[in-house]
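Reading the structure
Here are the chains, one letter per residue:
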Amino acid sequence: MKIRTVLVTGSSSGIGRAIAEHLLDIGATVIGIAREHQKFSPNADNYIPFKVDVSDLKSLSGCLNEILSLYPNLDALVSNAGYGQFDGLENFSPEQISSFINTNLVSHMVAARIILQHFKSQERGDIVFIGSEAALQGAKKASLYSASKFGLRGFCQSIREECAGRNVRVSMINPGMVRTQFFESL
């Protein structure tokens, strides 16, 4: 396998951490984006942490542009960051709804927009969105989560079509329940 330089959002825990660990094990350079890197700070020269809250879209954009200027050989994005919050829709304030959708959907769009320009200009790259089985069927008390994952699925399908013939591959993985800390506080 060609040595890759991979950007992983949400790299400090859960699925993002497992992906980062695996990529490091096979020799890839991993650029990790997370709010807190204390939970995962491997002793590896090929792990490069960047601290950013992906729900702060302006900071996210600035961070991604900085990463591209420092690491022009970036050739893959694993867009994973997000969180779960499950309750009846009436129990969420407008501010909570906005924050949730910014983190779980809009941040993926912003990241893809910036990274996609780079991949198209170099005519190669891979984008993998980490979705959820909630992208396939809604569930009780999961209206916001399902809406964000359904939206991400449609977004992924659309940009995959836009990239056809450009040597930029776009895909989405929709896992079911995974043994991570994701469900501990729910």
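Throughout what follows, the structure given in this document is the object of discussion. (Residues numbered from 1 in each chain as written. Predicted model: local features only at pLDDT ≥ 70, side-chain atom pairs only at ≥ 80, totals over all residues. Heavy atoms only, no water.)

Right, let's get into the sheet that holds strand 5 (residues 125-130). With parallel pairing, the six strands of this open sheet are ordered in space as 3-2-1-4-5-6. At either end of the open sheet lies a strand with only one pairing partner, and these are strand 3 (47-51) and strand 6 (168-173). Ignoring which end each strand starts from, the neighbouring axes of this sheet average 15° apart. With six bridges joining them, strand 5 and strand 6 adopt parallel strand pairing. Paired with Asp126 across the two strands is Arg169, which belongs to strand 6. Sitting on the sheet, helix 2 (residues 57-70) touches strand 1 (5-9), strand 2 (29-34) and strand 3, and the angle it makes with strand 2 is about 165°. (Pairing = 2+ DSSP bridges. Helix = DSSP H or I, 4+ residues; strand = E, 2+ residues; numbered from the N terminus. Axes fitted to C-alpha atoms, helices over the stretch in contact; angles between N-to-C directions. Contact = heavy atoms within 4.5 Å.)

For the rest of this paragraph, the subject is the packing of helix 3 (residues 94-122) against helix 4 (residues 143-163). Running from N to C, helix 3 and helix 4 cross one another at 15°; their axes reach a closest spacing of 9 Å. Here helix 3 lies roughly parallel to helix 4, going by the angle between them. The chirality of how helix 3 crosses helix 4 is right-handed. Across the interface between the two elements, Ile97, Phe100, Ile101, Asn104, Leu105, His108, Met109, Ala112, Leu116 and Lys120 of helix 3 pack against Leu144, Tyr145, Ser148, Gly151, Leu152, Phe155, Ile159, Glu162 and Cys163 of helix 4. Grouping the constituent residues of the contact of helix 3 with helix 4 by class yields 13 nonpolar, four polar and two charged. (Parallel < 35°, antiparallel > 145°, perpendicular 65-115°, else oblique. Left-handed = near helix turned anticlockwise from the far one by under 90°. Nonpolar A, V, L, I, M, F, W, Y, C, P; charged D, E, K, R; others polar.)

Turning our attention to the pattern of salt bridges. Under the counting rule described, the total for this entry stands at five salt bridges. With a shortest N-O distance of 2.9 Å, Asp75 and Arg4 are connected by a salt bridge. In this pair, Asp75 is assigned in the loop between helix 2 and strand 4 (76-79) and Arg4 in the segment before strand 1, connecting sequence segments 71 residues apart. On the basis of relative accessible area, Asp75 is assigned to the buried category, the value being 2%. The partner of Arg4 in a salt bridge is Asp126, and the shortest N-O contact between them spans 2.7 Å. (Salt bridge = Lys/Arg side-chain N within 4 Å of Asp/Glu carboxyl O. Buried < 20%, exposed > 50% of the residue type's maximum accessible area, 1.4 Å probe, protein only.)

Structurally, Asn104 is set in helix 3. Within the local environment of Asn104, its side chain forms a polar contact with the backbone nitrogen of Tyr83, the two atoms lying 2.9 Å apart. Apart from the residues lying within four places of it in its own chain, the contact partners of Asn104 are Ala81, Gly82, Tyr83 and Ser148. (Polar contact = N/O pair within 3.5 Å; in protein donor to acceptor, adjacent residues only side chain to side chain.)

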